[in-house]
Amino acid sequence: MSDYQLIAFDMDGTLLNSQKEISPACIHWIHQAALAGKTVILNTGRCPAELEEYFALFPDLTYVNCVSGALVYNHATKETIYSRTLPADTVKKKADPGSGTGCRTCRC
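Residues numbered from 1 in each chain as written. Predicted model: local features only at pLDDT ≥ 70, side-chain atom pairs only at ≥ 80, totals over all residues. Heavy atoms only, no water.

Overview of helix 2 (residues 24–35)
A rise of 1.5 Å per residue sets the reference length of helix 2, with its twelve residues, at 16 Å; its end C-alpha atoms lie 16 Å apart and thus fit the reference within 8%. Along helix 2, the residues that are buried comprise Ile30, Ala33 and Ala34. Each buried residue of helix 2 lies within a common arc of 100° when the element is viewed along its axis, so the set occupies one face. Facing away from the buried side of helix 2, by more than 90 degrees, are the exposed residues Pro24, Trp29 and Leu35. Positive backbone phi, at 90°, marks Gly37, one or two positions downstream of helix 2. (Helix = DSSP H or I, 4+ residues; strand = E, 2+ residues; numbered from the N terminus. Expected span 1.5 Å × (residues − 1). Buried < 20%, exposed > 50% of the residue type's maximum accessible area, 1.4 Å probe, protein only. Arc of directions from axis to C-beta.)

So, in structure tokens, the structure goes:
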């Protein structure tokens, strides 16, 4: 393994295939990196609850940069390391079609 101490992987469109699966070869080499003492980080726009099936594939995974960078999460300890969220009133204002922000919401 190289001198890199931290290896970060993007999930959607990179690590995941079109079936939203991670190949056995990728799982193997990510596990090998962790065994070699490398810090392995998954990067994704998803929230931790959406990652449970992938956490099961990487029992030695510690860190996740998720929610599009708004949350850095320690999966091993279930602790938030960093969080930067929008205030609820800002979200409500921006999501309001009559607010004049140009933002549109989908009401499915």
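Back to the text.
Quick look at the side chain of Lys38
Along the chain, the position of Lys38 falls in the loop between helix 2 and strand 2 (39–43). The buried charged residue Lys38 lacks any salt bridge, with Asp3 as its nearest oppositely charged partner at 6.1 Å. Looking at Lys38, its side chain comes within polar contact range of the main-chain oxygen of Tyr4, at 2.7 Å. (Lys, Arg positive; Asp, Glu negative; His and termini not counted. Salt bridge = Lys/Arg side-chain N within 4 Å of Asp/Glu carboxyl O. Polar contact = N/O pair within 3.5 Å; in protein donor to acceptor, adjacent residues only side chain to side chain.)

Observations concerning the pattern of salt bridges
Under the definition given, this model contains two salt bridges. Between Lys20 and Asp12 there is a salt bridge whose closest N-O contact spans 3.6 Å. Owing to a relative accessible area of 42%, Lys20 belongs among the partly exposed residues under this scheme. Here Asp12 ties to Arg46 by a salt bridge, and the two come within 2.6 Å at their closest N and O atoms. Of this pair, Asp12 sits in helix 1 (residues 11–15) while Arg46 is found in the loop between strand 2 and helix 3 (52–55), placing the two residues 34 residues apart along the sequence. Exposure remark for Asp12: the relative accessible area of 30% places this residue in the partly exposed category. Judged by its relative accessible area of 16%, Arg46 falls in the buried class.

So far we have only geometry, and geometry alone does not tell us how the molecule works.
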